[in-house]
Amino acid sequence: MKINRSELSIASECFAKYGYNKTSPETLSALMCFAISTFYNQIKNKDSLFKLVLEDEIEQFKILIESVINKYSNPIDSICAYVTTRTIGLQKSKNLLIVINNQQLSKRFLPQHLTQKYINVETKYLEDILQAGIQKGYFKVEDIKMEASAIISAIGSLEKALNQFQIIEKSEEKLYQILNILLYGVVKT
């Protein structure tokens, strides 16, 4: 499949604006300045193009997460940055978010093995942060794997709640309030 970055960007914007089901190959080919026959010769079909868009968003998302994790030496800052970047980054990954929130599209474009692979990568990120926090005396964790899984579950719930805010800055403000509770609890000290 031959497609350049600008064509991929156009396709991404089109799918995000109209949704997968309402985006036609004709619309895509027109926006990408292709004849419809060229579209089918170069891209094959709408599904293939949408998969490329999703793969690109997942890869950009992964790069963003890795850059944030490696940025901080303080494990508390790392967890906060990770959760914030993951949540806000997902909101910016419009097509991925659409697929995650649509069970039919999710089954079609995010097979279980791919989802599990990403969860395993996320769990490893968090386990490494928690381990560093234990070694530096920031955290007291009995079961690192369970704590990492609990954080991932909490993030998933947070993301669903935060998706109601159309303005990312508002989401970020609420996220910091929730993170404060998540990391420090509700117990008055």
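This text follows the structure it describes.
Since we're looking at a predicted model, the values are computed, not measured. (Residues numbered from 1 in each chain as written. Predicted model: local features only at pLDDT ≥ 70, side-chain atom pairs only at ≥ 80, totals over all residues. Heavy atoms only, no water.)

Regarding its fold elements, the chain presents ten helices and zero strands. Reading the chain from its N end, one meets helices and strands in the order α-α-α-α-α-α-α-α-α-α. In terms of overall dimensions, the chain has C-alpha extents of about 65 × 30 × 30 Å along its principal axes. For the chain, with 189 residues in total, the buried portion stands at 40%. For the chain, long-range pairs separated by at least 24 residues make up 62% of all intrachain contacts whose partners lie at least 6 apart in sequence. Element-wise, carbon and sulfur atoms account for 53% of the exposed surface of the chain, whose accessible area totals about 11400 Å². Positive and negative side-chain charges of the chain, numbering 23 and 20 respectively, have mean locations separated by a distance of 4 Å. (Helix = DSSP H or I, 4+ residues; strand = E, 2+ residues; numbered from the N terminus. Buried < 20%, exposed > 50% of the residue type's maximum accessible area, 1.4 Å probe, protein only. Contact = heavy atoms within 4.5 Å. Areas by Shrake-Rupley, 256 points an atom, 1.4 Å probe, with all protein chains shown as cover. Lys, Arg positive; Asp, Glu negative; His and termini not counted. Charge placed at Lys NZ, Arg CZ, Asp CG, Glu CD.)

Let us now look at the packing of aromatic side chains. The full count for this structure, using the stated rule, is eight aromatic pairs. Both rings, one in Phe61 and one in Tyr118, keep their centres 6.2 Å apart while their planes meet at 35°; by these two values the pair is tilted. Note that Phe61 is positioned in helix H4 (residues 46-69) and Tyr118 in helix H8 (residues 112-135), a separation of 57 residues in sequence. Following the ring pairs from residue to residue traces out a cluster consisting of Phe15, Tyr20, Phe50 and Phe109. (Phe/Tyr/Trp six-rings, centres within 6.5 Å; stacked < 30°, edge-to-face > 60°.)

Glancing now at helix H1 (residues 5-18). With 14 residues, H1 ought to run about 20 Å at 1.5 Å a step, and its terminal C-alpha atoms sit 20 Å apart, in line with that. Taken together, the buried positions of H1 are occupied by Glu7, Leu8, Ala11, Ser12, Cys14 and Phe15. Across the axial projection of H1, the buried residues extend over an arc of 165°, all falling on one side. Away from its buried face by more than 90 degrees, H1 exposes Arg5, Glu13 and Lys17. Buried residues along H1 sit in contact with helix H2 (25-31), H4 and helix H6 (94-101). At the exit of H1 stands Gly19, carrying a positive phi of roughly 85°. (Expected span 1.5 Å × (residues − 1). Arc of directions from axis to C-beta.)

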